[in-house]
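Chains, contacts and geometry: an overview
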Amino acid sequence: APRHTSADTPTHTKSKGNIMVTNGQSATTVELTATPIPVALLSPSPLNRKCDDTDADIAELALTIAENGLINPISARPMDGGTYEIICGERRWRAFRLLERDTIPCFIKPLDDTQAQIERIVENYQRRDPSFMEQGEAVAALMELTDRDVSEVANRLGQSVSWVRRRAKLPNLIPAWREELAKDGTQYTAILASVSKMEEIAVLPAATQQILLD
């Protein structure tokens, strides 16, 4: 793939995004413009979940980017020494490295550790079709980061408060239930297809959950 050159000083691109800044009960949306950032100055966040994509997955993504361009810029926050920590978009960044591109369009967001982690969870949630358990895990993580502010979590995920309260129960499922529900061709298809049944099981004591599974 041809190398992508950049000027000494990054220039703004036409890609735009938004960042929500909260202050108590109020929220302000600030428009951002993507800026070409040197790929070498970016690094993954140690707080991000491990990227489990194979080299083949990244190569496939790189091919798509080479043919169609980057549709969505990545986002990062400035760190010491003029470097940047990736908030969202590690896969795209890895693809750009594979393509030996010099820069990648990036939304720069001056977020603290908590804000950055919230941003990661929300974007990962929005970029895929999460299972019931993944929904519950996202809710649980956001509840912890927002001091159990159910309204804020609901707003972040675009869901109702009651939906958040229900999904928050799911991480209480014991590991044995989670493993069983994750199996291909599980005999518990009816339960897996009904999140309300899973929520009912999740509120039971661990010993009762195990007896029910047995």
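The structure under discussion appears in the preceding block.
What this report covers is the structure whose coordinates are included nearby.

Rules behind the numbers
Residues numbered from 1 in each chain as written. Predicted model: local features only at pLDDT ≥ 70, side-chain atom pairs only at ≥ 80, totals over all residues. Heavy atoms only, no water. Phe/Tyr/Trp six-rings, centres within 6.5 Å; stacked < 30°, edge-to-face > 60°. Lys NZ or Arg CZ within 6 Å of the ring centre and 35° of its normal. Core = buried A, V, L, I, M, F, W, Y, C linked by side-chain atoms within 4.5 Å. Buried < 20%, exposed > 50% of the residue type's maximum accessible area, 1.4 Å probe, protein only. Helix = DSSP H or I, 4+ residues; strand = E, 2+ residues; numbered from the N terminus. Contact = heavy atoms within 4.5 Å. Pairing = 2+ DSSP bridges. Axes fitted to C-alpha atoms, helices over the stretch in contact; angles between N-to-C directions. Expected span 1.5 Å × (residues − 1). Arc of directions from axis to C-beta. Polar contact = N/O pair within 3.5 Å; in protein donor to acceptor, adjacent residues only side chain to side chain.

**Regarding the packing of aromatic side chains**
This structure, assessed with the given rule, holds one aromatic pair. When the ring centre of F96 is taken as reference, the NZ or CZ atom of R101 above it lies at 5.6 Å.

**Some thoughts on the nonpolar core**
Ranked by internal contacts, the top residues of the largest apolar core, which has 17 residues, are L42, I65, A95 and I104. Counting residues per element, the ones that place at least two in this core are α1 (55-68), β5 (74-78), β6 (84-88), α2 (90-98) and β7 (103-108). The element contributing the most residues to this core is α1, with four residues. Aside from chain neighbours lying at most four places away, what touches I65 is L70, R92, A95, F96 and L99. Counting residues in each nonpolar core, the second largest holds 14 residues, with I121, V122, Y125 and V153 among its members.

**Structural notes on unusual backbone geometry**
The phi dihedral of E100 is positive, around 60°, even though this residue is not glycine. Along the chain, the position of E100 falls in the loop between α2 and β7. Even without glycine at this site, R148 takes up a positive phi of about 60°. Within the element layout of this structure, R148 appears in the loop between α4 (132-145) and α5 (150-157). Assessed through its relative accessible area of 59%, R148 is described here as exposed.

**Concerning the pairing of β5**
With four of five residues buried, β5 lies mostly within the body of the structure. Across three bridges, β5 lies against β7 in parallel orientation. Along β7, the bridge assignment pairs S75 with F107. Where β5 lies against β6, four bridges are found, and the strand directions are antiparallel. Each residue of the ladder has a partner; that of A76, found in β6, is I86. Linking β5 back to β6 in an antiparallel pair, the connection comprises five residues, with G81 at a positive phi of about 75°.

**As for the sheet that holds β5**
Taken in spatial order, the five strands of this open sheet run β3-β7-β5-β6-β4, and their pairing is mixed. Edge positions in the open sheet fall to β3 (35-38) and β4 (42-43), since each of these has one partner strand only. Where β4 lies against β6, two bridges are found, and the strand directions are parallel. The residue bridging S43 from the neighbouring strand is E85, located in β6. Relative to β7, α2 is tilted by about 155°, and along the sheet it contacts β4, β5, β6 and β7. In this fold helix α3 (residues 113-126) packs onto β5 and β6, with an angle of close to 40° to the strand it touches most, β6.

**What to know about α1**
A rise of 1.5 Å per residue sets the reference length of α1, with its 14 residues, at 20 Å; its end C-alpha atoms lie 20 Å apart and thus fit the reference within 8%. Where α1 is concerned, the buried positions are I58, L61, A62 and I65. Buried positions in α1, seen along its axis, are confined to an arc of 105° and lie on one side of it. Across α1 from its buried face, at more than 90 degrees, point the exposed residues A56, E60, E67 and N68. If you follow the buried residues of α1, they end up packed against α2. Looking one or two residues past α1, G69 carries a phi angle of roughly 85°, positive in sign.

**Considering α3**
Three- or four-residue spacings in an α-helix give side chains the same orientation, since the helix completes a turn every 3.6 residues. Along its 14 residues, α3 runs 20 Å from first to last C-alpha, staying within 8% of the 20 Å computed at 1.5 Å per residue. All of the buried residues in α3 are A116, Q117, I118, E119, R120, I121, V122, E123 and Y125. Here the buried face of α3 lies against β5, β6, α2, α4, α5 and α6 (161-167). Here α3 starts with a cap whose side-chain oxygen sits 3.1 Å from the backbone nitrogen of T114, and that cap is D112.

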